Amino acid sequence: MKVLVLHIGMGRSGSELVRRISDNHAGDDLDVAGIEPLEKHGFYGWLVRSFIPGFQAPVREVDLKGYDLVYLIVPKWGYNCPPVNGFLKQHDLRGLRLSLLVTYSKGDVSGYSERLVGAAMKRGANVVGSLALRRGETSSGLVDGFIRQVSQRVRNVSGDSHEHEIVFIGMININRDGYLQGVVDVWRCRGCKKLFCDDRRYGEGLGSGVGFKEIPDDEQWALLICTDTKGVFMQSIPVKPGKRLEHTCKNGEKHEFVVEHDWSINPCDTITIHRLYMVKDYLNRGIEAGYYRLNLRRIQEV
Ligand SMILES: Cc1cc2nc3c(=O)[nH]c(=O)nc-3n(C[C@H](O)[C@H](O)[C@H](O)COP(=O)(O)O)c2cc1C
C-alpha cells in the first residue's frame, strides 16, 4: 500500500504522529511531506487569519497521485487553518482516501473536526477516519488503534474479499451538558446503502477489533445511551422492534429493554436514564444526554 503523511510544520504533536504512522505502516511504501504555505506570517499573523472562516492561504502543490491512503495532520488554529483550507481548495481530492488527525492544545474541537471533514468531502475526498487529539494524547494507544483501523479499512475496500464499498457519511456527537463525551462515526456502503458504526468514547482507548461489524438486514443501528449523575455512556447496537436488549450500567445495575414498534425503549428510569436514538435520524447532529438536561426534559414532558 502506498501511504502519504501530510503535516504542517513539525511541532511536538505533529512529529509524534508522523513517527506513529511510520511505525504502524512499516511494511508499506510511505512518504512524508509538509504543507508549505507560500506566504510567511508570524504567530499573530496566522492567528488573525485563522479566525476568518474559509480563509485560504496558497500552498506549494503536493503530488497526490498513486497514494492508497493519505493522512492529513491538521493543528487546530482558531476557527480554521488557512494553509489547510488552501491545500483542500487547490488539490483534486476526488476518490482520495483521507484520514484526518486534528491536534489541539485545549478546549473543544468538535465543530472544528466536523468542518474539516465536511470541507474534505466537499472536494470529493473519501474520508476513511478522523480523530482529534489533545496535546499529550498523540503518544497514547488511541493513536495506534486508530491507524490500525484506518489501514485495515483501506485494505478491506481495496481487496477483492470485501463486497462493500464503504464511505464515511458523517458523525453523531454525544454530549454531556455541552461537553463532548463520545463520537459515533457513520459509514455507508455505496452499493447496498447499509450503515456501519464506529464508536469512540473519549477517555477510552480504541479496542483491538478492526474492520466493520455487519448487522442483519432486518435490523438498524441505534445508540443506547445510559446517563447518570457521573457521566454518559453510549454504545451503537443493532435493534429491531421486539428485540430484547440486555444492558449493564457502569454502576453494575442490570436492565433488560424491549424495542417498541416505534423503535424506542420503555425508559423505566431509575438512578440511571436510558434512551435509544436511531442513528439514521441523528446523522451529523449532536445528542445532548447530560443527566440534568434529560431530567429537565422529563419534568417538562410530565
Ligand atoms: C496560529 C495558531 C493558532 C492556534 N490556535 C489554537 C486554538 O485555537 N486552540 C488550540 O487548542 N490550539 C491552538 N493552537 C496550538 C496548536 O494547534 C497546538 O499547539 C498543536 O496542535 C498541538 O501541537 P504541539 O504539541 O506541536 O503544540 C494554535 C497554534 C497556532 C500557530
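Rules used in this analysis
Throughout this document, residue positions are counted from 1 along each chain, in the order its sequence is written. Local features are withheld for residues below a pLDDT of 70 in this predicted model, meaning they are given only at 70 or higher, and side-chain atom pairs are given and counted only at 80 or more; totals for whole chains, interfaces and linings count all residues. The secondary structure listing takes helices from DSSP runs of H or I that are at least 4 residues long and strands from runs of E that are at least 2 residues long, numbered from the N terminus. In this description the radius of gyration comes from C-alpha coordinates, and the expected globular size is given by 2.2 Å times residues to the power 0.38. We call two residues in contact whenever the C-beta atoms placed from their backbones are within 7 Å. Whether a residue is near a molecule or strand depends on its C-beta atom, placed from the backbone, lying within 6 Å of it. Throughout, the ten residues Ala, Val, Leu, Ile, Met, Phe, Trp, Tyr, Cys and Pro are labelled nonpolar, Asp, Glu, Lys and Arg are labelled charged, and all others, Gly among them, are labelled polar. Here the limits of each domain have been adopted from an automatic or database domain assignment. Pairing between strands is defined by DSSP: at least two bridges between the two strands are required. Axis definition: a line fitted to C-alpha atoms, limited for helices to the stretch in contact. Angles are taken between N-to-C directions and run from 0 to 180 degrees. Each residue carries a pLDDT value, the predictor's own confidence for that position, ranging from 0 to 100. By definition here, a helix of n residues has an expected span of 1.5 Å times n minus one. Residue burial here comes from a neighbour count, namely the number of other C-beta atoms, placed from the backbone, that lie within 10 Å of the residue's own C-beta, with 20 or more meaning buried, 12 or fewer meaning exposed, and in between meaning partly exposed.

1. Section: the overall build of the chain
Secondary structure assignment for the chain yields six helices and 14 strands. A globule of 302 residues ought to have a C-alpha radius of gyration of about 19 Å, and the chain, at 20 Å, matches this closely. When its C-alpha atoms are laid out on the principal axes, the chain stretches across 60 × 45 × 30 Å. Sequence-distant contacts, at least 24 apart, represent 64% of the contacts inside the chain between residues at least 6 apart.

2. Details of the site of the ligand
Around the ligand, the surrounding shell holds 18 residues, and the nearest of these are Gly11, Ser13, Pro75, Thr103 and Tyr104. Looking at the shell around the ligand, the elements that each hand over two or more residues are helix H1 (12-24), helix H2 (43-50) and strand E4 (97-104). Residue contributions to the shell around the ligand peak at four residues, all from H2. Along the lines of polarity and charge, the residues of the shell around the ligand split into six nonpolar, eight polar and four charged.

3. Some remarks on the domain arrangement of the chain
Along its sequence, the chain is carved into domain 1 (2-162) and domain 2 (176-301). Domain 1 and domain 2 are separated by 29 Å when their C-alpha centres are compared.

4. Brief notes about the sheet that holds strand E10 (residues 231-239)
A sheet is described by the order of its strands in space; here three strands give the open sequence E10-E9-E13, paired in antiparallel fashion. Edge positions in the sheet fall to E10 and strand E13 (273-278), since each of these pairs with one other strand and no more. Within the sheet, the average angular offset between the axes of one strand and its neighbour, ignoring direction, is 25°. By the bridge criterion, six bridges tie strand E9 (residues 220-228) to E13 in an arrangement that is antiparallel. When the sheet's bridge partners are listed, Thr227 is paired in E13 with Ile273.

5. With respect to the confidence of the model for the chain
Looking at the chain as a whole, its pLDDT mean stands at 88, while 92% of the residues score no less than 70. Note that residues 206-210 has pLDDT below 50 and, in this model, seven contacts with residues that lie over four places away or in other chains.

6. With respect to the sheet that holds strand E7 (residues 179-189)
Taken in spatial order, the four strands line up as E8-E7-E6-E14 in an open sheet, and their pairing is mixed. In the strand order of this sheet, the two ends are held by strand E8 (195-201) and strand E14 (286-288), each with one partner. Going across the sheet, the axis of each strand differs from the next one's by a mean of 20°, ignoring polarity. Here E7 pairs with E8 via seven bridges, running antiparallel. Paired with Trp187 across the two strands is Phe196, which belongs to E8.

7. Considerations on H1
In this model H1 runs 18 Å from its N-terminal to its C-terminal C-alpha over 13 residues, within 8% of the 18 Å that 1.5 Å per residue would give. Ser13, Gly14, Glu16, Leu17, Val18, Arg20 and Ile21 are the residues of H1 that are buried.

8. Regarding the pairing of E9
Here E9 runs beside E10; their pairing, made up of nine bridges, is antiparallel. Each residue of the ladder has a partner; that of Cys226, found in E10, is Phe233. Turn length for the E9-E10 hairpin, with the two strands adjacent in sequence and antiparallel, is two residues.

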